Amino acid sequence: MEGMLSPAQLLQFYLDCGVDELLGEDSINRFELTETAVGALSATVMQTTAALPPALPPVTGTIEALGDARERARGAASLDELRACLEDFKGIALRRTATQMVFADGVPSAKIMLVGEAPGGDEDRIGRPFVGLSGQLLDRMLESIGLSRQSNVYITNVINWRPPGNRAPSDSEIALSLPFIERHIELVNPSLLVFVGGVAAKALLQTSNGITRLRGRWVDYKTDGMAAAVPALPLFHPAYLLRSPAQKGLAWADLLQLRDRARALNIL
Ligand code: URA
C-alpha cells in the first residue's frame, strides 16, 4: 500500500530510533492499553522470559574479577591465547548484553597499533572494531597518511564488549579491561601507539586530563611487561569529529605528526 513502510524499512526506522532489542513477538499499542491488554502483555513478557536461555551464573565481585583478569592476561602468551582467555572471562557483565566479543582487526604484526574505546552497535553485530560510521571516518583518516588496517595497522579497543545503548564504559568496566588491553599491547609490541579518543587515552595513561589537552602530544607508554616505552599519540575520536567537524583541522595536524614519526622510524 502506498505510504506504508516495508518490514525492512520499519526495522531500519526502529534501529534509527535506537530500538535494538527484541522483548516480545507482538507490537503493543500503548495508547489503547486496557486491563485485558495489560494482562496479555504480562503473559507475553513471562513467556518471553521463560524462552530465554537459563540465567548465567552471577558475575564474581569486582575485586575477585580483577585478580582473575590480571592472572588470565598475564598467562596469555599469544594473541590467540589472549582472545581465548578473554572469551572465557566471566568477570565483566557487559558480555551478557553484547551480541559477541569484539577483539581486534588489521595486521597483528603491524608497527602501528590503534586503541579505541568500546564497540558500538555495528561492531557488536559484525564482531570487528571500528566498522560503523566513525570507523569509516577513521579508515579515511588513516588512508590520508598511507595507513590501512588491510596493510599496516592493527586496531582494537580498551573494552571488548558493547556497553548497552552505547553508554560510556564505567570505571569498573575499564579497570577490569585494563589487564587485557595492556597484555594486548605487549603482545603486538608496536613501534607507535595511537589512543583514539579520550576514554582510551585516559584509561591507558591513567590520567584525568581530557582529550583536548592530551591530543597531539606524544607521550611515553610503558607497562610492567614491556622492556621499553612506546611513543603514543592521543587523537580526537572520529565520532567526536563527526559531531564537531570544525575540529578536523586539529585532527589533520595530529595525523601529520603520526605520519612524520612513522616515516622517521622507517615504518611508513
Ligand atoms: N568507537 C570505538 O571507540 N571503537 C569502536 O570499535 C567503534 C566505535
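Residues numbered from 1 in each chain as written. Predicted model: local features only at pLDDT ≥ 70, side-chain atom pairs only at ≥ 80, totals over all residues. Heavy atoms only, no water.

Visitor: Help me out: how do you make sense of the packing of aromatic side chains in this one?
Guide: Aromatic ring pairs: the centre-centre distance and the angle between the two ring planes describe each pair. This model, assessed by the stated rule, comprises three aromatic pairs. Aromatic side chains Phe89 and Phe180 sit 5.0 Å apart centroid to centroid with 55° between the ring planes, which places their arrangement in the tilted category. Taken together, the residues span a long stretch of sequence, with Phe89 in the loop between helix H4 (79-87) and helix H5 (94-97) and Phe180 in helix H8 (residues 171-188) at a distance of 91 residues. The class of Phe89 is buried, set by a relative accessible area of 1%. On the numbers, 5.7 Å between centres and 80° between planes, the contact of Phe195 with Tyr221 is edge-to-face. Residue Phe195 is located in strand E4 (residues 192-196), and its partner Tyr221 is located in strand E5 (residues 219-221); the two are separated by 26 residues in the primary sequence. Of the two residues, Phe195 and Tyr221, both sit in the buried class. Arg261 extends its terminal NZ or CZ atom over the ring of Trp218, reaching a point 4.7 Å from the ring centre. (Phe/Tyr/Trp six-rings, centres within 6.5 Å; stacked < 30°, edge-to-face > 60°. Helix = DSSP H or I, 4+ residues; strand = E, 2+ residues; numbered from the N terminus. Buried < 20%, exposed > 50% of the residue type's maximum accessible area, 1.4 Å probe, protein only. Lys NZ or Arg CZ within 6 Å of the ring centre and 35° of its normal.)

Visitor: In this structure, what is going on with the pairing of E4? I would like to understand it.
Guide: Both faces of the sheet carry side chains from a regular strand, because those side chains alternate between them. Burial runs high along E4: five of the five residues are buried. Side chains Leu192, Val194 and Val196 of E4 all project onto a buried face; the interleaved residues Leu193 and Phe195 project onto the opposite face, where all are buried too. Two strands pair when backbone bridges link them, and strand E2 (residues 112-116) and E4 are joined in this way by four bridges, in the parallel orientation. What sits directly across from Leu114, in E4, is Val194. In the sheet, E4 pairs with strand E6 (residues 230-235) via four bridges, with the strands oriented parallel. Residue pairing for E6: Val194 is matched across the bridge by Leu233. (Pairing = 2+ DSSP bridges.)

Visitor: For this particular structure, what's the right way to read a nonpolar patch on the surface?
Guide: A contiguous nonpolar patch, built from Leu5, Leu10, Leu11, Phe13 and Tyr14 and spanning about 480 Å² of accessible area, is present on the exposed surface. Assignment of secondary structure puts Tyr14 in helix H1 (residues 7-16). Given the relative accessible area of 35%, Tyr14 is considered partly exposed. (Patch = residues over 30% accessible without salt bridge, like charges linked within 9 Å, V, L, I, M, F, W, Y side chains within 5 Å. Areas by Shrake-Rupley, 256 points an atom, 1.4 Å probe, with all protein chains shown as cover. Salt bridge = Lys/Arg side-chain N within 4 Å of Asp/Glu carboxyl O.)

Visitor: Just to check I follow, could you spell out the pattern of salt bridges for this structure?
Guide: What the rule picks out here adds up to 11 salt bridges. The shortest N-O distance in the salt bridge between Asp88 and Lys90 comes to 3.3 Å. Between Arg167 and Glu173 there is a salt bridge; the shortest N-O distance is 2.7 Å. Bridged by salt links that share partners, the residues Asp68, Arg72, Asp88 and Lys90 form one connected network.

Visitor: How should I be thinking about the site of the ligand in this particular structure?
Guide: Residues in contact with the ligand, as listed here, are Gly116, Glu117, Ala118, Glu123, Pro129, Phe130, Ser134, Asn157 and His237. Ala118 places a polar main-chain atom, nitrogen or oxygen, 3.1 Å from a nitrogen atom of the ligand. One of the side-chain N or O atoms of Asn157 is found 2.8 Å from a nitrogen atom in the ligand. In isolation the ligand exposes 240 Å². Once the protein is present, 93% of that is buried. (Near = heavy atom within 4 Å. Polar contact = N/O pair within 3.5 Å; in protein donor to acceptor, adjacent residues only side chain to side chain.)

Visitor: Teacher, can you tell me more about the side chain of Asn157 here?
Guide: Along the chain, the position of Asn157 falls in strand E3 (residues 153-157). Accessibility expressed as a relative area gives 2% for Asn157, which makes it buried. Of note is the side chain of Asn157, whose polar atom sits 3.2 Å from the backbone nitrogen of Glu117. Excluding residues that lie within four positions of it along the chain, Asn157 makes contacts with Val115, Gly116, Glu117, Ala118, Pro119, Pro129, Phe130 and Ile181. (Contact = heavy atoms within 4.5 Å.)

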